[in-house]
Amino acid sequence: MYVVINELHVPKENREAVAGRFGESAEKMKNTPGCLDFMFLKPEDESNYQLVYTKWESKAAYEAWVNSDQFKAAHKKRRAESKEDTASGNQLYTYEAVHHL
């Protein structure tokens, strides 16, 4: 199992718009091969970052999604449509699950 956490650096005034966009993504991720779980995490503390948590069958399944036309189209569309409500940066964390319930 493979876990990816995307830490989004989003100005506070843009967080609701970004959360809305990821709400649309959640539905699409249900049909993504190899994706076991998808969560968009809203911080309780205003100073923390928004997080996108995904769990995959394998690293290969994650990489297949990142290289897919679905991924490329979604990210290209977001960049074109939403100049003012995008993240100012992000940090990606990847993990191989060693223990799991």
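Residues numbered from 1 in each chain as written. Predicted model: local features only at pLDDT ≥ 70, side-chain atom pairs only at ≥ 80, totals over all residues. Heavy atoms only, no water.

Please explain the packing of aromatic side chains as it appears in this structure.
In this description, an aromatic ring pair is defined by two values, namely the gap between the centres and the angle between the planes. The final tally for this structure, using the stated rule, is 6 aromatic pairs. Residues Trp56 and Tyr62 carry aromatic rings whose centres are separated by 5.6 Å and whose planes lie at 65° to one another, so their mutual orientation is edge-to-face. The same class applies to Trp56 as to Tyr62, namely buried. Taking the centre distance of 6.2 Å and the plane angle of 50° together, the rings of Tyr62 and Trp65 count as tilted. Within this pair, Tyr62 and its partner Trp65 are both found in helix 2 (residues 59-66), separated by 3 residues, close to a single helical turn. For the pair formed by Tyr62 and Trp65, the shared burial category is buried. Here the aromatic residues Tyr2, Trp56, Tyr62, Trp65 and Phe71 are joined through ring pairs into a cluster of three or more. (Phe/Tyr/Trp six-rings, centres within 6.5 Å; stacked < 30°, edge-to-face > 60°. Buried < 20%, exposed > 50% of the residue type's maximum accessible area, 1.4 Å probe, protein only. Helix = DSSP H or I, 4+ residues; strand = E, 2+ residues; numbered from the N terminus.)

What is the right way to read the sheet that holds strand 4 (residues 89-96) from this model?
Hydrogen bonds between backbone atoms are what pair the strands of a sheet, whose relative direction is either parallel or antiparallel. Here 4 strands make up an open sheet; going across it, the order is 2-3-1-4 and the pairing antiparallel. Two strands bound the open sheet, and with one partner strand each, they are strand 2 (35-41) and strand 4. The sheet shows a mean angle of 10° between the axes of neighbouring strands, taken without regard to direction. Of the pairings in the sheet, the one linking strand 2 to strand 3 (residues 50-56) comprises 6 bridges and is antiparallel in character. Note on strand 3: the bridge partner recorded for Asp37 is Lys55. (Pairing = 2+ DSSP bridges. Axes fitted to C-alpha atoms, helices over the stretch in contact; angles between N-to-C directions.)

So what exactly am I meant to see when it comes to the pattern of salt bridges here?
Here the idea is simple: oppositely charged side chains can pair when their charged atoms come close. Under the criterion given, the structure shown has 3 salt bridges. One salt bridge in this structure joins Lys42 and Glu16, with 3.6 Å as the shortest N-O distance. Here Glu16 lies in helix 1 (residues 15-29) and Lys42 lies in the loop between strand 2 and strand 3, a separation of 26 residues in the sequence. An identical accessibility class is assigned to Lys42 and Glu16; each is exposed. The partner of Lys30 in a salt bridge is Glu27, with the nearest N and O atoms 3.2 Å apart. (Salt bridge = Lys/Arg side-chain N within 4 Å of Asp/Glu carboxyl O.)

What is the right way to look at helix 1 in this model?
Residues three or four positions apart in an α-helix share a direction because the helix packs 3.6 residues into each turn. Compared with an ideal rise of 1.5 Å per residue, which puts 15 residues at 21 Å, helix 1 spans 21 Å between its outermost C-alpha atoms and is within 8% of the ideal. Residues of helix 1 that are buried: Arg15, Val18, Arg21, Phe22, Ser25 and Met29. In a view along the axis of helix 1, the buried residues occupy a sector of 125°, so they form one face of it. Across from the buried face of helix 1, at angles greater than 90 degrees, the exposed residues are Glu16 and Glu24. (Expected span 1.5 Å × (residues − 1). Arc of directions from axis to C-beta.)

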